[in-house]
Amino acid sequence: MKHFLLAAALILSAPAVMACETVTIGDLTIEHAWSKATIGAGRPGVFYVEITNAGSVDDALIGIATPAAGMPMLHETVVQDGIASMPHAMSIPVPAGQNVQLSPGGYHGMLMGLTTALKEGDSFPVTLSFEKAGEVTVNVDVLSLRAEGPDCADAGQ
Amino acid sequence: MRLRRLQLGLWVAAIAAMIIFAGTKWATQGEGVAETSPAFTPVFTLADEEGRIRTSAEFRGKFLLVFFGFTNCPDVCPTTLSDVAQVMDDLGADAEKVQPLFVSIDPERDRRLGLAAYTAAFHPAILGLAGTEAETQAAANSFKIFYGRENDAAAPDGYSMAHSPGLFLIGPDGEWLRQFTYGTPAADILSDLQSRF
Ligand SMILES: [Cu+2]
């Protein structure tokens with residue numbers, strides 16, 4: 001059933017490929033959500049996104065959920081004294097008036113237990129949970145394994 | 001009023017100190033081990049994707065771009081491998097002078113998940129190597145780099161790997177030339193290589 005739902009989600013979202021969807025909740029704008037294709041479903045996938053807090057109250061991203069993975073988590077890649085590791089991030093601050101990026105080499109969503117391999121051109125939904133703003137779902141574009149940033153005309157990288 | 005000025009002064013001093021600290025930290029990271037350490041010749045003996053034993057000696061005559069990583073690493077590792085793939089594409093006819101190597105620091109799991117499919121997905125020129133634990137440790141020691149297993153109940157199989165994310169350049173005579181720190185743009189790696197041909 002889970003597989004069927006995921007397949008349905010993928011098919012339904014197929015025409016909106018490279019949608020570069022922007023969603024808002026309260027003062028938060030969520031855009032440029034992307035992921036990289038995976039080789040099979042045995043290795044974790046990754047999730048990147050950009051969040052802008054136009055309000056005057058600090059918020060924080062405290063979790064993600066998706067039908068694409070059994071165990072999605074927030075991670076932060078940390079390079080300290082020349083050693084890279086990626087500990088679990090309990091929450092990612094989204095301060096008032098600021099723009100926060102989950103991007104390669106920093107914060108990322110780690111999609112463990114993939115339901116199916118992520119293929120370039122697919123998209124899948126991810127629900128973000130914010131401490132104050134609540135939950136919002138965005139469609140994530142799956143880009144090439146070699147992609148290094150979102151493939152959107154307005155991506156301010 | 002005077003207090004405010006004092007406070008302001010302290011803030012300015014603190015921020016200046018932070019910038020200087022960040023600057024020196026960045027500078028030392030930017031230089032890497034390369035420019036300061038005396039010449040050395042890293043060696044390795046590791047099995048390739050087909051299980052054949054490959055040694056550092058057989059690659060003499062080529063530049064080696066060596067990256068230590070693990071395939072369960074969706075954030076840092078693909079970035080470096082993508083840069084390496086880009087460099088190989090952009091080298092054109094000179095690509096035959098360069099052999100990119102991906103050395104697994106998680107060899108048992110990577111062999112099980114399939115190393116060849118992983119490296120090929122980035123670029124067919126990248127050769128994946130996955131030795132035994134002892135061979136991998138010996139290779140890392142020889143390159144003077146660190147890797148370690150971190151137990152993490154929330155990670156796949158209950159662990160994750162910490163590792164040096166640099167990309168290492170070895171010359172045709174086997175001598176260590178330099179490291180490209182994590183995040184070095186592909187164009188910079190390309191022009192460095194081209195300056196050496
Ligand atoms: Cu991670």
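Residues numbered from 1 in each chain as written. Chains lettered and ligands numbered in written order. Predicted model: local features only at pLDDT ≥ 70, side-chain atom pairs only at ≥ 80, totals over all residues. Heavy atoms only, no water.

Peer 1: Can you break down the pairing of strand β10 (residues 107-114) of chain A residue by residue, with the values?
Peer 2: All names here are of chain A. For β10, the buried fraction is high: 6 of the 8 residues fall into the buried class. One ladder, built from 3 bridges, connects strand β3 (residues 45-53) with β10; its direction is antiparallel. Directly across from G45, in β10, lies its bridge partner L111. Relative to β10, strand β5 (residues 69-76) is paired through 7 bridges, and the arrangement is antiparallel. (Buried < 20%, exposed > 50% of the residue type's maximum accessible area, 1.4 Å probe, protein only. Helix = DSSP H or I, 4+ residues; strand = E, 2+ residues; numbered from the N terminus. Pairing = 2+ DSSP bridges.)

Peer 1: Just give me the short version of the coordination of the copper ion, but keep the residues and values in it.
Peer 2: At 2.2 to 2.4 Å from the copper ion lie its protein donor atoms, namely H75 of chain A (ND1), M86 of chain A (SD), H108 of chain A (NE2) and M110 of chain A (SD). Between the 4 donor atoms coordinating the copper ion, the angles at the centre fall across 98 to 118°, so the site counts as tetrahedral. (Donors = N, O, S within 2.8 Å, 3.2 Å for Na, K, Ca; no water. Tetrahedral: all angles 85-135°; square planar, octahedral: opposite > 155°, others 65-115°.)

Peer 1: If you had to explain the packing of aromatic side chains to someone new, which residues and values would you point to?
Peer 2: Residue and element names in this part refer to chain B. By the definition in use, this model includes 12 aromatic pairs over all chains. Consider the rings of F102 and Y118, whose centres lie 5.7 Å apart with planes at 50°: the pair is tilted. Remark: Y118 occurs in helix α4 (residues 115-122) and F102 occurs in strand β4 (residues 98-104); sequence separation between them is 16 residues. As far as the burial class goes, F102 and Y118 line up, both buried. Measuring from centroid to centroid gives 6.2 Å for F143 and F168, while their planes differ by 40°, and the two rings are tilted. Here F168 lies in strand β8 (residues 167-170) and F143 lies in the loop between α5 (133-142) and β6 (147-151), a separation of 25 residues in the sequence. The same class applies to F143 as to F168, namely buried. Ring-pair connections join several aromatic residues into one group, and the members of that group are F40, F44, F59, F68, F143, F168 and W176. In this structure, K97 is placed above the aromatic ring of F197, and the distance from its NZ or CZ to the ring centre is 4.8 Å. In this structure, R149 packs its charged tip against the face of Y159, placed 3.6 Å from the ring centre. (Phe/Tyr/Trp six-rings, centres within 6.5 Å; stacked < 30°, edge-to-face > 60°. Lys NZ or Arg CZ within 6 Å of the ring centre and 35° of its normal.)

Peer 1: Got a sec to walk through α4 of chain B? Specific residues and values, please.
Peer 2: Residues and elements named next belong to chain B. Burial in α4 covers these residues: L115, Y118, T119 and F122. Along the long axis of α4, the arc covered by the buried residues comes to 90°, so they all point the same way. Buried residues along α4 sit against α2 (76-91), β4, α3 (107-113) and β5 (127-129). (Arc of directions from axis to C-beta. Contact = heavy atoms within 4.5 Å.)

Peer 1: Run through the pairing of strand β9 (residues 176-180) of chain B, naming residues and quoting values.
Peer 2: Within β9 of chain B, 4 of the 5 residues are buried, which leaves the element mostly enclosed by the surrounding structure. Adjacent in sequence and paired antiparallel, β8 of chain B and β9 of chain B are bridged by 5 residues, among which G174 of chain B carries a positive phi angle near 90°.

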